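Chain and residue survey
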Amino acid sequence: MKFSSYALFFVACTLCADENPMMASLNDDMLQATQLANETNQNIDYQPFILSVWEQKELFSFGAKTLKDALMLIPGVDMTGDTMNNRTPVIRGSNPLAYGQTKLAIDGIVVNDRTFDSYNAYLDFPIELIQRIEVVRGSGSFIEGVNGYSGTINVITYAKEEKSGDNGSIFGSFGNDSARQAGFFYTRRTPNWKLSSDLFYQTQDALSPISVTDAYGNTGFAPLGRTQLGLGATYSYGDFSLKGRLNRFESGSAFGNVYALPNMDGTQSFPSWYIEGEYRHPLSENLFIDLKAGIMEDGWESDSRALPPGTYSGITYPVGFWGFYKLKSRSVYEKVSTTYTGIENHKITAGYTHKFEKVISLSAITTETVNNGTDLVDYSDSAPFLDKNAAQRHTDEFYLGDMIELSDQLALSLNVGATKTSNISFHSYKRAALVFQPYRQHILKFMVGDAYRLPSWQEMYTLNNPARIGNPDLEPEHAISYETQYLYKPTADASMGINLFYIHNTEQITSNTADHTFQNVGERNILGFETEFREKIGEDDNVAFSYSYISGETIKGNVTTDYLPFASQHMLKAALSYALAPEWKVGLIGRYSSIKERRPNDNRSATDAFTTADIVLGWENYQGFYVQGAIKNLADEVYSYPSPPSTYQDDYPVEGRTYWVRTGWKF
């Protein structure tokens, strides 16, 4: 179906609607929401997306301690992971086996890495540094020029806050498994410039909540500990700004690279850093230009015993098989975009980005695989774990968008974009959305989109790994989505919504069961709906409730199933915060996730349904001092990520009951 047909179809659907007087035009609200998107939550419901926005105050009251905790409050969002505990959010059941289904941006900069297309290293980002999160469910993106596949997440830190005067926070916490955290942020403002900085350190010595048995019959606990050091800074002067972030995330080797329990001291790291400069300037009353340039480096490092002592493929390893791996990638990019409002009832944006991505270093030192299996040998050149020379690409991206006021009650958003990558054929994406507001309390949205996701280094270039083999001939995954939403806002502090969607995913990348090679063999048809209710009751009380339902079919080669493997058909989330006294607040949070079916070739029964209940108690005075404690997963239900067949029979157990206490001062 042509893009123009999408737009004409939705326009025709709404022309028959009765026109009713409004206090102001819908387009004014949409334009205001867009202009203030990175500064305030005002009029966010008018955006042409299925969008959930949570402020820090709400997240605090519901006991969210990290970005991952916050995402689990969003309707339709689940979490999964792999043998390395590389965690990734899954929206609406879209290919849980791949990482790059969603994009994460911090203050507008996408931080997905090149190795996996993952942002696992940022999921423990402290809530104390987050002013607001904005989550788009479905294709498209709230961030200009970002091609969202199944969703996008934009984290707004306090560096973006446009208040006057200086402000900051000092915070710390402790919890189970020797968890410790300390950090701060501070913003200094003058009439001409602003400087913001943040720093945090956190560590936890966690193990899997129960013992597990690996693919070779070994039984024990998996090391899941985490240590993270983060540093960020933003400087702005007039039309110029410079921002950067360093993130050093290290975790235990979890369930091993090749489905064998590693040594307890085994570690893996996801180091990353970036710097971006931006110049935004009005060329005229109606024309703005935005210039950006940046550099980003990220990678993966592993230091562990991949196999315990024994004989594998005819070779005996008396002390086991050890691997010391390092990979570093670099991305350099330049971007120019313009915004033009000189045509009546139109806001036009256009942009171009060029990126050059390349693996800049690789090291592979492992146990000798020829003779006695005890000495360490440098296989960086003779048997690397990734094709370093092939892992590079130039990418040119173009996009064009227009927000059109059709009437005081009706607005149309159109977006098109295209990507040409040096080792992948030309691909385009398209999106159209109508927003109709017959009365101030009622909003209707109709959306259709066509999106894609480029394969990662791991999927294309992995070598010499018995668990996964790269395929340089992969094509991007594709998704066509149809969505509609009805929002009812009886008051400024209450909203109720229902979303209907149909998603057709093709060319999904999965690892072939027989030879473990990544291939474009997956296809999913997903049909579902989401309901969400949120209300602020009084000055300090909040309630939130959501229910998500998905169903569909999966096609892989000649095999078709009438369900969606590794996806929960039903998800229920509820949260309540209540002020016991002016300075005391209690929070109750519950979550239910139904069973997850296996792949057709897996004879194990479905994973168990999962229910959690959390309780949070906090105190905060008018001077900004606070103390808060939480017990998460009161019933101590063990939550596990699904595992492939013939690996970990009882999956990857990663969460049980936890507790923490945090304190700080906001000034």
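Residues numbered from 1 in each chain as written. Predicted model: local features only at pLDDT ≥ 70, side-chain atom pairs only at ≥ 80, totals over all residues. Heavy atoms only, no water.

Remarks on the overall build of the protein
Stated formally: Runs of H or I in DSSP of at least four residues are treated as helices and runs of E of at least two as strands, each being numbered from the N terminus. C-alpha atoms define the radius of gyration in this analysis, and the globule rule sets the expected value at 2.2 Å times the number of residues to the power 0.38. Type-normalised accessible area, obtained with a 1.4 Å probe on protein chains alone, sets the label of each residue: buried when under 20%, exposed when over 50%, and partly exposed for intermediate values. Two residues form a contact once any of their heavy atoms are found within 4.5 Å.
Secondary structure assignment for the protein yields five helices and 37 strands. The globule rule puts the C-alpha radius of gyration for 667 residues at 26 Å, and the 25 Å found for the protein is close to it. Principal-axis analysis of the C-alpha atoms places the extent of the protein at approximately 80 × 60 × 50 Å. Evaluated residue by residue, the protein yields a buried proportion of 56% over its 667 residues. Taking as baseline every contact in the protein between residues at least 6 positions apart, the subset at least 24 positions apart corresponds to 64%.

Topic: the sheet that holds strand β6 (residues 130-137)
This is how it is decided: Strand pairing follows a simple DSSP-based rule, namely that at least 2 bridges must link the two strands.
Reading across from one edge, β1-β6-β7-β4-β5 is the order of the five strands in this open sheet, with mixed pairing throughout. Among the strands making up the open sheet, the edge pair consists of β1 (51-55) and β5 (109-110). Bridging between β1 and β6 involves five bridges; their strand directions are antiparallel. By the bridge assignment, W54 is partnered in β6 with I133.

Some words on the pattern of salt bridges
Put simply, the test is: Any carboxyl oxygen of Asp or Glu within 4 Å of a side-chain nitrogen of Lys or Arg constitutes a salt bridge here.
Counted by the stated rule, this structure contains 30 salt bridges. Two residues, E297 and R330, come together in a salt bridge whose shortest N-O distance is 2.7 Å. Remark: R330 occurs in strand β19 (residues 321-340) and E297 occurs in strand β16 (residues 287-307); sequence separation between them is 33 residues. Judged by relative accessible area, which is 8%, E297 ranks as buried. In this structure, the salt-bridge partner of D602 is R604, at a minimum N-O distance of 2.7 Å. Pair check on accessibility: D602 and R604 agree, each one buried. Through salt bridges with shared partners, one network takes in K103, D117, R453, E459 and E477.

Observations regarding unusual backbone geometry
In this structure, F566 is a non-glycine residue whose phi angle is positive, near 65°. Tracing the sequence through the fold places F566 in the loop between β30 (559-561) and β31 (570-581). Even without a glycine there, the phi angle at D651 is positive, about 70°. With respect to the helices, strands and loops of the structure, D651 is situated in the loop between β35 (639-641) and β36 (652-655).

Structural notes on the confidence of the model for the protein
Parts of the prediction with low pLDDT should not have their coordinates interpreted in detail. Applicable threshold: For every residue, the predictor assigns a confidence score, pLDDT, that lies between 0 and 100.
Taken over all residues, the pLDDT of the protein has a mean of 90, while the share at 70 or more is 93%. Confidence scores differ between elements of the protein, with helix α1 (residues 3-15) showing the lowest mean pLDDT of 36 and strand β34 (residues 625-632) the highest of 98. In this model residues 1-25 is a low-confidence stretch, pLDDT under 50, and it forms 36 contacts with partners more than four residues away in sequence or in other chains. The low-confidence segment residues 28-42 (pLDDT under 50) makes 36 contacts with residues lying over four places distant or belonging to another chain.

Description of the nonpolar core
Basically, it comes down to this: Take the buried residues of types Ala, Val, Leu, Ile, Met, Phe, Trp, Tyr and Cys, join any two whose side-chain atoms come within 4.5 Å, and each joined set is a nonpolar core.
If you look at the biggest cluster of nonpolar residues, it comprises 92 residues, and the most contacted ones within it are F255 and L386. Beyond its immediate chain neighbours, meaning those up to four positions away, L386 contacts L327, V359, L362, A391, W457, Y461, T462 and L463. Counting nine residues, the second largest nonpolar core, distinct from the first, contains Y149, A451, I526 and A567.

Section: the side chain of E477
To keep it simple, the criterion reads: Distance and chemistry together define a polar contact, namely a pair of N or O atoms within 3.5 Å, with one atom able to donate a hydrogen and the other to accept it when in protein, and with adjacent residues in sequence counting only for side-chain atoms on both sides.
Within the secondary structure, E477 is located in strand β26 (residues 477-491). A polar contact is formed between the side chain of E477 and the side chain of Q101, at a distance of 2.7 Å.

What to know about the packing of aromatic side chains
We apply this condition: Between the rings of Phe, Tyr and Trp (Trp by its six-membered ring), a pair exists once the centres lie within 6.5 Å; its type follows the angle of the planes, with under 30 degrees stacked, over 60 edge-to-face, and the other angles tilted. Criterion for a charge above a ring: Lys NZ or Arg CZ within 6 Å of the ring centre, and within 35 degrees of the ring normal.
Counted under the stated rule, the structure contains 29 aromatic pairs. Consider the rings of F255 and Y652, whose centres lie 4.8 Å apart with planes at 35°: the pair is tilted. Of this pair, F255 sits in the loop between β14 (240-252) and β15 (267-282) while Y652 sits in strand β36, and the two are 397 residues apart along the sequence. For F255, a relative accessible area of 0% corresponds to the buried category. Given the relative accessible area of 2%, Y652 is considered buried. Judged by centre distance (6.2 Å) and plane angle (15°), the rings of W300 and Y325 are stacked. With W300 in strand β16 and Y325 in strand β19, this residue pair connects regions lying 25 residues apart in the sequence. Here the two residues W300 and Y325 agree in accessibility, since each one is buried. Each member of the aromatic cluster is reached from another via a ring pair, and the members are Y99, F116, F249, F270, W300, Y325 and F385. Over the ring of Y639 we find R591, and its NZ or CZ is 5.7 Å from the ring centre. When the ring centre of F60 is taken as reference, the NZ or CZ atom of R662 above it lies at 4.0 Å.

Remarks on the pairing of strand β23 (residues 410-421)
Bridge count for strand β22 (residues 392-405) against β23 is 11 bridges, and the pairing is antiparallel. Along β23, the bridge assignment pairs Y399 with G417. Taking the residues between adjacent antiparallel strands as the criterion, β22 and β23 are bridged by four residues. As paired elements, β23 and strand β24 (residues 424-439) share 11 bridges and run antiparallel to each other. Paired with T421 across the two strands is I424, which belongs to β24. The loop that links β23 with its antiparallel partner β24 comprises two residues.

Looking at the pairing of β26
When strand β25 (residues 442-453) meets β26, the two strands line up antiparallel, connected through 12 bridges. Within β26, the position partnered with L444 by the bridge is Y486. The hairpin turn running from β26 into strand β27 (residues 494-511), its antiparallel successor, is two residues long.

Some thoughts on the environment of G497
Inspection of the secondary structure puts G497 in strand β27. Sequence spacing of G497 and H442 is 55 residues, and the spatial spacing of their C-alpha atoms is 9.9 Å.

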